[in-house]
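Fold and geometry: a report
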Amino acid sequence: MNEFFIFFQTIIPELLQGTRVTLKIAGGALFIGFAVGLPTALIRVYGSPWLQLIVTGYINIFRGTPLLVQLFVVYYGLPDLGLTFSRLTAAYLTLGLNSSAYQAEYFRGAIQSVGEKQMVAARAIGMSRFKAIRYIILPQAFRLVMPSWSNEMISIIKYTAVVFLIAVPDLMGKAKMVSSRYFAPISTYIIVALIYLVIVGLATLILRYVGKRFETPGLESMETATR
Amino acid sequence: MIKFKGVNKWFGKLHVLRDIDLHVSPGEVVVVCGPSGSGKSTLIRCINRLEKFQKGELFVDGTPLHDHSTNLTKLRAEIGFVFQQFHLYPHMTALQNVALAPINVRKMKRADAEALAHEKLARVGLADKADAHPTQLSGGQQQRVAIARGLAMSPKIMLFDEPTSALDPEMIGEVLDVMVKLASEGMTMCVVTHEMGFARQVAHRVIFMDEGSLVETGKPHDFFANPQTDRAAQFISKILTH
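Residues numbered from 1 in each chain as written. Chains lettered and ligands numbered in written order. Predicted model: local features only at pLDDT ≥ 70, side-chain atom pairs only at ≥ 80, totals over all residues. Heavy atoms only, no water.

As for the overall build of chain A
A tally of regular secondary structure across chain A gives nine helices and zero strands. Sequence-ordered secondary structure for chain A, helices as α and strands as β, is α-α-α-α-α-α-α-α-α. Projected onto its principal axes, the C-alpha coordinates of chain A cover approximately 70 × 50 × 20 Å. Expressed as a percentage of contacts within chain A between residues at least 6 apart in sequence, the contacts between residues at least 24 apart total 75%. Total accessible area on chain A stands at roughly 11800 Å², and carbon and sulfur atoms take up 68% of it. (Helix = DSSP H or I, 4+ residues; strand = E, 2+ residues; numbered from the N terminus. Contact = heavy atoms within 4.5 Å. Areas by Shrake-Rupley, 256 points an atom, 1.4 Å probe, with all protein chains shown as cover.)

In structure tokens:
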């Protein structure tokens with residue numbers, strides 16, 4: 001046990017460096033996913049038919065292919081078309097766009113479960129479509145989307161691990177280096193697993209706190225409503 | 001105030017409004033009744049263009065609704081609409097529900113809009129419920145908040161689409177009381193309802209619809225005592241005896 005502790009002390013600084021990269025990629029991907037996914041969802045629900053078709057295609061491509069394949073296409077494939085990205089940019093871009101497709105679907109579901117009648121009520125009192133979405137539909141949709149968005153956050157944190165395959169020095173990448181340097185795969189990966197667990201746990205707690213802050217009587221997420 | 005001229009509407013092949021001619025004067029209270037599926041809700045939803053119609057002319061306060069260039073958002077701000085199922089915004093308090101449109105549509109200052117909302121809530125007897133969320137209110141209270149929400153826009157016309165049909169019997173009275181008061185203050189109102197007591201007490205005119213047509217129209221007393229058509233007579237006997 002003592003030996004493990006000393007090993008832990010030896011490798012932890014390097015793993016924490018990797019953790020910082022992992023957190024940055026996860027945060028960036030979730031942000032890109034939100035910034036692209038929300039408008040995508042709005043187009044999916046309120047857009048003209050051909051716009052809907054385009055975003056449905058976009059969503060299906062990203063949800064229907066493996067993340068790793070997407071990463072390789074972006075990093076190794078797109079340079080053939082003259083689009084070259086740095087490793088880190090490729091990581092942000094791939095995970096971000098991938099997440100945007102999932103987030104778009106979660107937001108679409110939430111928007112649709114707010115219901116057409118709320119839109120009618122807002123329109124009937126003289127609010128424009130834009131204002132109705134801004135003040136009536138989205139505030140409710142954000143509350144409803146919390147449980148599935150929380151799942152998406154957890155997924156993205158864990159999926160960042162694939163970026164070590166294009167040699168991004170994230171937590172997983174650092175782990176790979178450390179474990180082969182010290183020939184200690186088991187101890188290393190147990191520590192790495194624990195670090196991921198802590199990140200996911202903290203992130204979930206933060207999100208739950210945010211959810212609680214905005215909780216409204218009658219609009220609890222299903223999870224809390226049935227508890 | 002409201003003028004229908006030969007208005008026709010189809011849902012696909014279904015002919016839901018047939019050659020509607022109707023004129024509602026300022027300050028008039030009109031009750032629309034008829035069996036379900038007769039087109040009454042569709043009729044009043046045309047007045048603020050929640051429903052489109054395909055043929056005919058409709059003027060509301062001088063604004064032509066058959067004209068596609070009409071600014072519907074502006075028009076709707078002048079017309080209050082009360083739904084059967086209330087449709088309050090569940091993420092907001094009663095006060096916020098009422099103050100939202102004055103702030104965002106009328107561009108009032110928040111403080112002014114909230115003062116106005118307090119006043120309107122007091123008017124429907126809910127001064128003490130300003131901070132309650134819709135789910136914490138009874139159906140009757142929710143519907144009164146919905147009426148206050150409409151009134152906060154100082155509408156020229158109030159439309160009611162079966163405002164008491166979703167309520168428990170003991171809550172119907174409190175909503176009708178508010179509507180009676182509103183009528184006595186001279187509001188122009190079109191009310192789809194089966195509350196014949198309300199019709200008798202405050203309506204200037206009762207309109208009976210069947211299968212998309214305006215079958216009969218008359219003063220409440222005449223309509224109930226002496227319907228001119230068999231269809232109306234049948235309908236009256238049903239709703240009065242059940």
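Further notes follow.
Thoughts on the packing of helix α4 (residues 110–123) of chain B against helix α5 (residues 139–151) of chain B
Residue and element names in this part refer to chain B. Orientation of α4 relative to α5, taken along the N-to-C sense of each, is 135°, at an axis distance of 9 Å. Viewed along their axes, α4 and α5 adopt a mutual orientation that is oblique. Relative to α5, the crossing made by α4 is right-handed. Every residue of α5 that contacts α4 at K120, L121 and R123 is listed here: V145, A148 and L151. The residue makeup of the contact of α4 with α5, split by class, is four nonpolar, no polar and two charged. (Axes fitted to C-alpha atoms, helices over the stretch in contact; angles between N-to-C directions. Parallel < 35°, antiparallel > 145°, perpendicular 65-115°, else oblique. Left-handed = near helix turned anticlockwise from the far one by under 90°. Nonpolar A, V, L, I, M, F, W, Y, C, P; charged D, E, K, R; others polar.)

Some words on the pairing of strand β3 (residues 29–33) of chain B
Along a regular strand, successive side chains alternate from one face of the sheet to the other. Residues and elements named next belong to chain B. Of all five residues making up β3, five are buried, and the element is well covered by its neighbours. Bridge count for β3 against strand β9 (residues 205–210) is four bridges, and the pairing is parallel. Paired with V30 across the strands is R205, a residue of β9. (Buried < 20%, exposed > 50% of the residue type's maximum accessible area, 1.4 Å probe, protein only. Pairing = 2+ DSSP bridges.)

Topic: the environment of R181 of chain A
Residue and element names in this part refer to chain A. Locating R181 in the fold gives a position in helix α7 (residues 171–182). Residue R181 is classed as partly exposed on the basis of its relative accessible area of 43%. For the pair formed by R181 and F72, sequence separation is 109 residues and the distance between their alpha carbons is 27 Å. Looking at R181, its side chain comes within polar contact range of the side chain of E14, at 2.8 Å. (Polar contact = N/O pair within 3.5 Å; in protein donor to acceptor, adjacent residues only side chain to side chain.)

A short note on the sheet that holds strand β10 (residues 213–218) of chain B
Residue and element names in this part refer to chain B. The strand order β6-β7-β8-β3-β9-β10 describes an open sheet built from six strands, whose pairing is mixed. Looking at which strands have only one partner, the edges of the open sheet turn out to be β6 (79–82) and β10. Looking at each pair of strands side by side, their axes are set apart by 15° on average, direction ignored. Of the strand pairs in this sheet, β9 and β10 are connected by five bridges, and their pairing is antiparallel. Paired with I207 across the bridge in β10 is T217.

Comments concerning the packing of aromatic side chains
Each aromatic ring pair is specified by the distance between its two centres and by the angle formed by the two planes. Inspection of every chain in the model, using the stated rule, returns 11 aromatic pairs over all chains. For the pair Y75 of chain A and Y76 of chain A, a centre-to-centre distance of 4.9 Å together with 70° between the ring planes defines the contact as edge-to-face. An angle of 80° between the planes, with centres 5.9 Å apart, marks the rings of F107 of chain A and F142 of chain A as edge-to-face. Within this pair, whereas F107 of chain A is found in helix α4 (residues 87–114), its partner F142 of chain A is found in helix α6 (residues 129–159), the two being separated by 35 residues in sequence. You can call F107 of chain A buried: its relative accessible area is 2%. Aromatic ring contacts, followed pair by pair, group F208, F223, F224 and F235 of chain B into a single cluster. Between R213 of chain A and the ring centre of F214 of chain A, over which it is positioned, the NZ or CZ distance is 6.0 Å. A cation over a ring is seen here: R149 of chain B above Y89 of chain B, with NZ or CZ 4.6 Å from the ring centre. (Phe/Tyr/Trp six-rings, centres within 6.5 Å; stacked < 30°, edge-to-face > 60°. Lys NZ or Arg CZ within 6 Å of the ring centre and 35° of its normal.)

Observations regarding α4 of chain A
Spanning 28 residues, α4 of chain A covers 40 Å between terminal C-alpha atoms, matching the ideal 40 Å at 1.5 Å per step. The first or second residue beyond α4 of chain A is G115 of chain A, which carries a positive phi of 100°. (Expected span 1.5 Å × (residues − 1).)

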